[in-house]
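Breakdown of the fold
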Amino acid sequence: MEKPGKLKTSNWGIVFFTLLIVVILTCSAIFFGKTVFYTVLCFMPLLAAITHFISFLRTKNWGHLILMLFYVFIVLLFFPTLAFNQQTRIILAACALILFIGEIIVLSSKRINWRYREILELAAYPVEESTDGFTPRAFPAGEAQYTKEEIIGFTKFMIKHVIAYPFVEENRVVLVVPENMFVYMLFLKHSYKKDTYITFDFKGNVSVTIAKKDYQKYKEEFTFDQLCASLGNLFIEFLELYQKDKSREIIDKLNAI
Amino acid sequence: MDFKTASQLGSIISKDYAEDFFKLLVIYQDISASEAASRLNLHISTAQDFLEGLNSQDIVSKKEVLEKKRPYFRYSLKKKTLTITIDFVALYNKQDHQDRLKWKIREKKNSGAIFKKFRKSDYISAVHFFTGKGRTRIEKKINLTRNQGNFLLYLPFPTEPFLSVAEIIKKAKIEDSNIPEVLDIIDALLNHKIIEKR
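Description of the structure in this document. (Residues numbered from 1 in each chain as written. Chains lettered and ligands numbered in written order. Predicted model: local features only at pLDDT ≥ 70, side-chain atom pairs only at ≥ 80, totals over all residues. Heavy atoms only, no water.)

Observations regarding the packing of aromatic side chains
Quick note on the threshold: Pairing of aromatic rings covers Phe, Tyr and Trp, the last through its six-membered ring, and needs centres within 6.5 Å; plane angles under 30 degrees mean stacked, over 60 mean edge-to-face, and all others mean tilted. We count a stretch as a helix when DSSP gives it H or I for four or more residues in a row; a strand needs E for two or more, and each element gets its number in order from the N terminus. The buried label applies to any residue whose accessible area, calculated with a 1.4 Å probe on protein chains only, is under 20% of its type's maximum; exposed applies above 50%, and partly exposed to all values in between.
Across all of its chains, the model carries 24 aromatic pairs over all chains by this definition. Summarising the aromatic geometry, the rings of Tyr165(A) and Tyr184(A) are spaced 5.2 Å apart at their centres and angled 20° between planes, so their arrangement reads as stacked. Of this pair, Tyr165(A) sits in strand β2 (residues 165-168) while Tyr184(A) sits in helix α7 (residues 182-185); the two residues are 19 residues apart in sequence, bridging distant segments of the chain. According to the relative accessible area criterion, Tyr165(A) is buried, its value standing at 6%. By relative accessible area, which is 1% here, Tyr184(A) ends up buried. Seen from their ring centres, Tyr218(A) and Phe222(A) are 5.4 Å apart, and the 85° between their planes marks the pair as edge-to-face. Taking the relative accessible area as the measure of exposure, Tyr218(A) reaches 3% and is therefore buried. Note on Phe222(A): relative accessible area 2%, which makes it buried. One aromatic cluster in this structure is built from Phe134(A), Phe139(A), Tyr215(A), Phe224(A) and Phe157(B).

If you want it as structure tokens, here you go:
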């Protein structure tokens, strides 16, 4: 499925974030000395460990657990006030190394990768026409056959594989496709109205809302109704695969992007 | 009785002095504007306008008489009761209704309207839009009924083919009795160039 990407490639957020970390570490080393440098160096993996621990609790995806443990061992190894003896440090380092290999496996298998870009790419694949006509209204994407239990099970699958973040409401479930999944996992954001989301109500109706910021991530202004219909069809297809116990195919499809 | 006539009658009988004026018209066989004005302590032109208003609505009759070769009018009451009946249902043109169901519509491209969704639902609860330019630019908001919001959910996107109003109503599963309110919002949105018609 090698096709040219339809999304813009710029991802300045990560570049700025990385630069910010480098600047903080450099400044702490230059202005405050070695001890503060190591404290700051350990504070970042500590935050990452907490984030992955909460993510593990929310998703039940053990990939987060491996990353969390790796960051915990990094903190134990480098935190200045924890002056372990040489033998303990060697054991900690060995554990960290094993966990680092585990982290590489987890990351390379895309087990905890957010699927934001893949989903937007897949939604745009069948759309060839480009006629701008954005509207913030929801697009009724048709109907699907499912029970309430099935759709709730589907949402659990989606969060476990960090494909979409679910909200189970009184009469429907909402699957949000955020660029940054952590803001939802860490309860930093409660409203999904400004993100792209797909809803499945308990009567079988499916609707799609694409956020303007996500629409603007495409290189072209794809015909908006076709893009919404395609995204709706993609999620209906995912649901059908889930119902047929072919969930692996969903992951394969996303990994193929 | 058509609404315009009813509102004119309403306007006449809502005057502060109307009750006293009608009492005079009952008491006197006929009366002139100057006699009524002096009796009710009104300006003669006020009394004249009031009587002319009643005459135009066929409540009083007027007769020209001469006094020392100077003509003037005397008014006498023609009706002993006044009934205002308005058929509110008749205000809505059903023929027009049928025509409008055939209109093909969709959302207008770059209309600038903001569609607010009802909490935990996809149907639209309000439409915000702007009128005027520069300093005179004003934000306006139309709150929608549930049926109107549901209709707008199924309104074709700016990039979709036009759909007839009847087809959208069918998709949105709106009952016949609620169609007039949907047609009303279509009119409003057409006026504000938020939807377009083919």
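Observations regarding the nonpolar core
Note the cut-off: We define a nonpolar core as any set of buried Ala, Val, Leu, Ile, Met, Phe, Trp, Tyr and Cys residues linked to one another through side-chain atoms lying within 4.5 Å. A contact between two residues is defined here by any heavy atoms of the two lying within 4.5 Å.
Residues Met158(A), Phe200(A), Tyr218(A), Leu231(A) and Phe235(A) are the most contacted members of the largest nonpolar core, which totals 45 residues. Every element with two or more residues in this core is listed here: α5 (116-124), β1 (139-143), α6 (148-160), β3 (172-177), β4 (196-201), β5 (205-209), α9 (224-243) and α10 (247-255) of chain A. If you tally residues by element for this core, the top one is α9(A), at ten residues. Ignoring anything within four residues of it in the chain, the contact list for Tyr218(A) reads Lys6(A), Leu7(A), Lys8(A), Leu120(A), Glu121(A), Ala123(A), Ala124(A) and Leu227(A). Formed by 27 residues, the second largest nonpolar core is a distinct cluster that contains Ile124(B), Leu152(B), Ile194(B) and Ile195(B).

Section: the pairing of strand β6 (residues 124-131) of chain B
All names here are of chain B. Condition: Strand pairing is assigned whenever DSSP identifies at least 2 bridges connecting the two strands.
Most of β6 sits out of view: six of its eight residues are buried. Both strand β5 (residues 114-117) and β6 contribute to a ladder of four bridges, which runs antiparallel. Its bridge partner lying in β6, Lys 116 is registered against Ala 126. The hairpin formed by β5 and β6 contains six residues between the paired strands, and Lys 120 there has a positive phi angle of roughly 55°. Two strands pair when backbone bridges link them, and β6 and strand β7 (residues 138-143) are joined in this way by six bridges, in the antiparallel orientation. Paired with Phe 130 across the bridge in β7 is Glu 139.

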